[in-house]
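Breakdown of the fold
Here is how the chains run, residue by residue.
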Amino acid sequence: MLRRATFGGSKTQIDAVGNMNSSSAVDMLFDTVLPQPAPPIDLKTGTEWVYSGFQDGVNSNTFVLVDQFLQWFLGQMMSPGITDINTALAHAARERVVYFLHTHFTTIESKVNNVRSLYFQNQLYRLFATNNSVLPNGISLDFKSLTVKVSIDNAMIRLLDGDTNVKGGVNGVNENYARELFELYSIGRGLEGTPLPPGLEQGDYVVYKESDIRQAAYTLSGWETAMPLEGVFDPLATEQTTFGFDPDTLLPRGKVKGSAENASQHDNTVKTFSDRLGGMQVTPDATLMPSGNPTEESAIDEITQLIDIIYAQPETARNICRRIYRFFVWAAHTDAEAQAIETVIDDMVATFKANNYKLIPVIKQLLQSKHFYEAIDADPVDDANFGAIIKSPIDLTLGTLKFFDITIPAMETDPAEFYRRTSRIITVIGKDRQGMSFFEPFDVAGYEAYHQYPIYHRAWITPNTLGHRYDFVRGVINGIDNMEDDVFNLLDARQFVQTHFSTVAADAPLLIRTLAEYLLPFSKNLTFEDADDDVNSSLSSQRLNWFLAKMFDGILSEAEWADYWNNRPDEYADIRRALQNLLNAMLQTPEYQLS
């Protein structure tokens, strides 16, 4: 559960959740009321700048501020400075949902080119990311209303060229956002791997038509970004002149071109959609246009009507629930596999609709469902089971650090060390290492692992990225003996095992089986005896004996181990080396790459 719902946990956290039933655990993860994290601190000034505004020559340059924002977001995933177990896990679960929303409503930093916009988009997702998602004015924020708000979010407007989408343009309206709204963010284009039926007219995608994209683009026309780097943004100000402002969220948003009273570049005609969308219409509301001109309020109302039309289609909830399922449970790689989980999707859709399109009830249901736990008991060689998602670079890196009690300090109390450690995380997950360009996916569809059928999460693994994954693990495990890393060279394997596994440490085979239960997704019916090995063993006896052999390779014999552990504490270095060998053998494996 913690690998899927958070970013992994320490042994102490895993044990705490292990003592709960699934219902109590998911309630703790998603119902805990949490404060919003403090905004990023600029190391140069020692203060935040996203609200107070950028000052040239005073703040760090914008390249540094981008790095600090990315590091800040990764730091939140580590629950920085939070010592209470439940609060730390709930914080990580919230950030997991924020990360999911980032992979769904994706962005590209170099295209947006405004770190302030990225921060406030991230905050918009965070408002939505717990079961206590109530806006400052008391309105519950659901996925449907979030889709409306994302449509006029500054970062999204810039990413998909919304600021060039105007009525009567030389080249017509810009359809970029409208196209991705349909294909990626809402209704999708049908079940993965299922071809379109023959005989369709060109531009008919069964669930919508090409003409619907054009009508949606008309509906979305006339907006621009309103997010300068400079200037104070005060969410409590009685009047906002520089920034677009959402009174629901108290966050900045885009603005209509012209003025709020005269949205001069918005197409104010009636928009009629195809028979695939029931021939429904978006109609300007005359009561919101006192002078007869479109207003910012009437333009938002039209977008709301558009989203209502999209969400009225059964396929929209199904597509979103499939995205949720792929992120938290498993990704189907064939048409037959995709068809096999549609009954689970049925249940998710029913919950999604019954809860007015709120996301968290669906995730909670999934994580305590019979289906989720049956997966643990499935045939270990079947791809469609527990352990069948390849960890993302973020999951591998943060999960490893968390398990070995390597933490991130609170930014507010030690910003220099906070950024030093998160900077190293950015490096080790990066394009030239584990293969993730954080906030720089290849295209507007986002990171391949979350959308590209049929490869999905397998995209994370190449010979190069796998080697760098093993290098990272080796550096963490070698810890205080690692002379090449001055950031994560903190682990003393001997002390770690003494702290957390002292009751089993003297018995090497038992220690291996116990570690496997925490570290590997396959840990059922483990045996070192070939005669007892069978198809129900999730790791073969040969595999376990290989771990055992590597543990003592060139250091000790198995017979000497118990004596060294129990009676010869002066042999600290040999004990530590044996444990480093064991942990490297177990973690530099294909099995450890799986969640």
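Residues numbered from 1 in each chain as written. Predicted model: local features only at pLDDT ≥ 70, side-chain atom pairs only at ≥ 80, totals over all residues. Heavy atoms only, no water.

Glancing now at the overall build of the chain. When helices and strands are counted, the chain shows 25 helices and 10 strands. In terms of C-alpha radius of gyration, the chain reaches 26 Å, essentially the compact-globule figure of 25 Å for 595 residues. Taking the principal axes of the C-alpha coordinates as reference, the chain spans close to 90 × 60 × 40 Å. Put simply, 72% of the contacts in the chain that link residues at least 6 apart link residues at least 24 apart. In the structure as shown, the chain presents an accessible area of about 23,200 Å², 50% of it carried by carbon and sulfur atoms. In the chain, 48 side chains carry a positive charge and 78 a negative one; their mean positions are 1 Å apart. (Helix = DSSP H or I, 4+ residues; strand = E, 2+ residues; numbered from the N terminus. Rg over C-alpha atoms; globule rule 2.2 N^0.38 Å. Contact = heavy atoms within 4.5 Å. Areas by Shrake-Rupley, 256 points an atom, 1.4 Å probe, with all protein chains shown as cover. Lys, Arg positive; Asp, Glu negative; His and termini not counted. Charge placed at Lys NZ, Arg CZ, Asp CG, Glu CD.)

We now examine helix 8 (residues 143-151). Of all 9 residues in helix 8, 7 are buried; the element is thus mostly enclosed. Burial in helix 8 covers these residues: Phe143, Leu146, Thr147, Val148, Lys149, Val150 and Ser151. Between the side-chain oxygen at the start of helix 8 and the backbone nitrogen of lysine 144 there is a gap of 2.9 Å, and the oxygen is on aspartate 142. (Buried < 20%, exposed > 50% of the residue type's maximum accessible area, 1.4 Å probe, protein only. Polar contact = N/O pair within 3.5 Å; in protein donor to acceptor, adjacent residues only side chain to side chain.)

Quick look at the confidence of the model for the chain now. Confidence in the prediction for the chain averages 93 pLDDT; 96% of positions are at 70 or higher. Here residues 376-385 is modelled with pLDDT under 50, and outside its nearest four sequence neighbours on either side it reaches 17 contacts, counting other chains as well. (pLDDT = per-residue confidence, 0-100.)

This part is about the environment of leucine 288. When you line up the elements, leucine 288 lands in the loop between strand 10 (281-282) and helix 12 (296-311). Classification of leucine 288 as buried rests on a relative accessible area of 17%. Taking the C-alpha atoms as reference, leucine 288 lies 8.7 Å from aspartate 301; in sequence the two are 13 residues apart. Beyond its immediate sequence surroundings of up to four residues, leucine 288 is in contact with Thr295, Glu297, Ser298 and Asp301.

Counted by the stated rule, this structure contains 37 salt bridges. One salt bridge connects lysine 144 with aspartate 308, and the closest N-O pair in it is separated by 3.0 Å. With lysine 144 in helix 8 and aspartate 308 in helix 12, this residue pair connects regions lying 164 residues apart in the sequence. On the accessibility criterion, lysine 144 (22% relative accessible area) is partly exposed. Taking the shortest distance from any N to any O, the salt bridge between arginine 158 and aspartate 163 comes out at 3.2 Å. (Salt bridge = Lys/Arg side-chain N within 4 Å of Asp/Glu carboxyl O.)

What follows is about the packing of aromatic side chains. Scanning the entire structure with this criterion turns up 44 aromatic pairs. Between tyrosine 51 and phenylalanine 120, the ring centres sit 5.2 Å apart and the planes meet at 85°, which makes this aromatic pair edge-to-face. Of this pair, tyrosine 51 sits in the loop between strand 2 (47-48) and helix 4 (62-77) while phenylalanine 120 sits in helix 7 (residues 115-128), and the two are 69 residues apart along the sequence. With a relative accessible area of 3%, phenylalanine 120 lands in the buried category. Members of the aromatic cluster, connected to one another through ring pairs, are Tyr51, Phe69, Trp72, Phe73, Tyr119, Phe120, Phe233, Phe243, Phe245, Phe438 and Phe439. One Lys or Arg, arginine 189, reaches over the ring of tyrosine 205 and ends 4.0 Å from the middle of that ring. Its guanidinium or amino end placed over the ring of tyrosine 592, lysine 391 lies 3.7 Å from that ring's centre, counting from NZ or CZ. (Phe/Tyr/Trp six-rings, centres within 6.5 Å; stacked < 30°, edge-to-face > 60°. Lys NZ or Arg CZ within 6 Å of the ring centre and 35° of its normal.)

What follows is about helix 12. With 16 residues, helix 12 should reach 22 Å at 1.5 Å per residue; the first-to-last C-alpha distance of 23 Å fits that figure. With 12 of 16 residues buried, helix 12 is to be regarded as a mostly interior element. (Expected span 1.5 Å × (residues − 1).)

Next up on the list: the nonpolar core. Membership of the largest hydrophobic core comes to 183 residues, with the highest contact counts inside it found for Phe143 and Phe438. In this structure, phenylalanine 438 is in contact with Leu70, Phe73, Leu74, Met77, Tyr99, His102, Ile394, Ile426, Ile429 and Tyr447, ignoring residues within four places of it in sequence. (Core = buried A, V, L, I, M, F, W, Y, C linked by side-chain atoms within 4.5 Å.)

With that settled, the discussion passes to the side chain of threonine 514. Within the secondary structure, threonine 514 is located in helix 22 (residues 508-519). The class of threonine 514 is buried, set by a relative accessible area of 14%. Separated by 2.8 Å, the side chain of threonine 514 and the backbone oxygen of leucine 510 make a polar contact.

Here the focus is the environment of aspartate 248. Turning to its location among the elements, aspartate 248 is positioned in the loop between strand 4 (244-246) and strand 5 (251-253). Looking at aspartate 248, the relative accessible area reads 23%, which means it is partly exposed. A polar contact is formed between the side chain of aspartate 248 and the side chain of lysine 149, at a distance of 3.0 Å.

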